[in-house]
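# Structure at a glance
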Amino acid sequence: MPPKFEDEATDRKLCIIVSKGTMEWSTAAMVLGNAAVSEGIELHVFFTFWGFDAIMNKRMDKLKISPVANPSMKVPGTEVGMSNLLAALPGMTAFASSMMNKEMEKLQVPPHREFMQMVHDAGAKFWACRLTFDMMENTVGLTKDDLWEGVEDIISANDFMELSEGGQIIFI
Amino acid sequence: MATELIGGVEIHVDEEGFMTDPGEWNEELAPALAKEIGIDELTDGHWKVIRFLRDDFAKEGQTATLRRVSTMANVPTKDLYQLFPKKPAKKMSYIAGLKKPVGCV
């Protein structure tokens, strides 16, 4: 029997909450999101709190991974955990980030903005958290124009509850 | 291994129905495979993707991912989803007589 692609085309819905703006976690969100849309699953991605770094034009091309307080991060080429003292040296975050960027490039993982565009082009909807937006409006003068153009709208937690009805939720 | 009769030709397939022997595929088989999964007509857009997949498989030994098709064959993501609705990675591979891509992106 040939694959029943259309029969499988499901009414499944997935909602990913992105609460972190680091390189590794925003990538995790996009990898899962991309997998979802390419399986015909309806996808909503809700960015909240630190996750705003991933949708702010000024910040989204400069996402970083921090080696500080990260026991999983080893000294390159060894099984030795990186001490926090070493990790806290100036330039270490930039170094770790550039290494991760290179590794991801080898695996053909697109840079964050391009990845977002790819998932967006595949039909995903991206949403920004109202409370975070209001807070950042007060603290850093954030405006709607500062957000990446693929963001559908700024919505409240209640709006998110409505749009995620019947869906599966992943919190990152 | 399971076989299946598509367009009058017997082909070997895996448990999901994807062809297991790329050598059994030819361009005449593609329209018949496409019909099996609800794509009634192969346009130039489809063929561009299918031929890229075949060429790339011949060189790399594995099925290109959506990202690879969009960057290397210059087919925008949106078009891939229009040409092969809902499950573009699986559908394009199926029609090209290849296994589905193993890569995550």
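The model shown is predicted, which means the values in this text are computed figures rather than measured ones. (Residues numbered from 1 in each chain as written. Chains lettered and ligands numbered in written order. Predicted model: local features only at pLDDT ≥ 70, side-chain atom pairs only at ≥ 80, totals over all residues. Heavy atoms only, no water.)

Next up on the list: the overall build of chain B. Helices and strands together make up the secondary structure of chain B, namely five helices and two strands. Its C-alpha radius of gyration of 13 Å places chain B within 12% of the 13 Å reference for a compact globule of 105 residues. Along the first, second and third principal axes, the C-alpha atoms of chain B reach 35 × 30 × 20 Å. Taking the contacts inside chain B whose residues are at least 6 apart along the sequence as the reference set, 51% of them involve residues at least 24 apart. On chain B, roughly 5,200 Å² of surface is accessible, and the fraction owed to carbon and sulfur atoms is 48%. Here chain B contributes 14 positively and 17 negatively charged side chains, and the mean placements of these two sets differ by 9 Å. (Helix = DSSP H or I, 4+ residues; strand = E, 2+ residues; numbered from the N terminus. Rg over C-alpha atoms; globule rule 2.2 N^0.38 Å. Contact = heavy atoms within 4.5 Å. Areas by Shrake-Rupley, 256 points an atom, 1.4 Å probe, with all protein chains shown as cover. Lys, Arg positive; Asp, Glu negative; His and termini not counted. Charge placed at Lys NZ, Arg CZ, Asp CG, Glu CD.)

With 21 residues of chain B at the interface, the matching set in chain A holds 22 residues. Between chain B and chain A, the buried area comes to about 2,100 Å², and carbon and sulfur atoms account for 57% of it. On inspection of chain B and its partner chain A, the count reaches four salt bridges. In this structure, Asp121 of chain A engages Lys78 of chain B in a salt bridge whose closest nitrogen and oxygen atoms are separated by 4.0 Å. (Buried area = accessible area lost by both parts, 1.4 Å probe. Salt bridge = Lys/Arg side-chain N within 4 Å of Asp/Glu carboxyl O.)

Let us now look at the pairing of strand E4 (residues 151-155) of chain A. Residues and elements named next belong to chain A. Where strand E3 (residues 125-129) and E4 come together, four bridges link them in parallel fashion. Across the sheet, the residue bridging to Cys129 is Ile155, located in E4. For the segment spanning E3, helix H6 (residues 130-140) and E4, crossover handedness is right-handed. (Pairing = 2+ DSSP bridges. Right-handed = clockwise from strand over helix to strand, strands pointing away.)

Looking now at the side chain of Ser97 of chain A. Residues and elements named next belong to chain A. Residue placement: Ser97 occurs in helix H4 (residues 92-106). Since its relative accessible area comes to 4%, Ser97 is described here as buried. At 2.6 Å, the side chain of Ser97 forms a polar contact with the backbone oxygen of Thr93. (Buried < 20%, exposed > 50% of the residue type's maximum accessible area, 1.4 Å probe, protein only. Polar contact = N/O pair within 3.5 Å; in protein donor to acceptor, adjacent residues only side chain to side chain.)

This part covers the packing of aromatic side chains. Residue and element names in this part refer to chain A. Applying the stated rule across the entire model yields five aromatic pairs over all chains. An angle of 85° between the planes, with centres 5.1 Å apart, marks the rings of Phe49 and Trp50 as edge-to-face. Assessed through its relative accessible area of 40%, Phe49 is described here as partly exposed. Assessed through its relative accessible area of 61%, Trp50 is described here as exposed. By the ring-pair criterion, three or more aromatic residues cluster together here, those being Phe47, Phe126 and Trp148. (Phe/Tyr/Trp six-rings, centres within 6.5 Å; stacked < 30°, edge-to-face > 60°.)

Residues and elements named next belong to chain A. Packing of helix H2 (residues 23-38) against H4 brings their axes to within 11 Å, and their N-to-C directions diverge by 25°. Of the possible angle classes, the one that applies to H2 and H4 is roughly parallel. Each of Met23, Glu24 and Thr27 in H2 lies in contact with H4, whose residues at this interface are Ser97, Met100, Asn101 and Met104. Per-class residue counts for the contact of H2 with H4 are three nonpolar, three polar and one charged. (Axes fitted to C-alpha atoms, helices over the stretch in contact; angles between N-to-C directions. Parallel < 35°, antiparallel > 145°, perpendicular 65-115°, else oblique. Nonpolar A, V, L, I, M, F, W, Y, C, P; charged D, E, K, R; others polar.)

In this section: the pattern of salt bridges. One pass over the full model with this rule turns up 13 salt bridges over all chains. One salt bridge connects Glu114 of chain A with Arg67 of chain B, and the closest N-O pair in it is separated by 2.3 Å. Remark: Arg67 of chain B occurs in helix H3 (residues 66-72) and Glu114 of chain A occurs in helix H5 (residues 112-121); the pair is interchain, linking two chains. Looking at Glu114 of chain A, the relative accessible area reads 37%, which means it is partly exposed. Classification of Arg67 of chain B by relative accessible area gives buried; the value is 12%. The residue Arg51 of chain B makes a salt bridge to Glu27 of chain B at a minimum N-O spacing of 2.8 Å. Of this pair, Arg51 of chain B sits in helix H2 (residues 44-60) while Glu27 of chain B sits in the loop between strand E2 (9-12) and helix H1 (29-36), placing them 24 residues apart in sequence. Taking relative accessible area as the criterion, Glu27 of chain B reaches 32% and is therefore assigned partly exposed.

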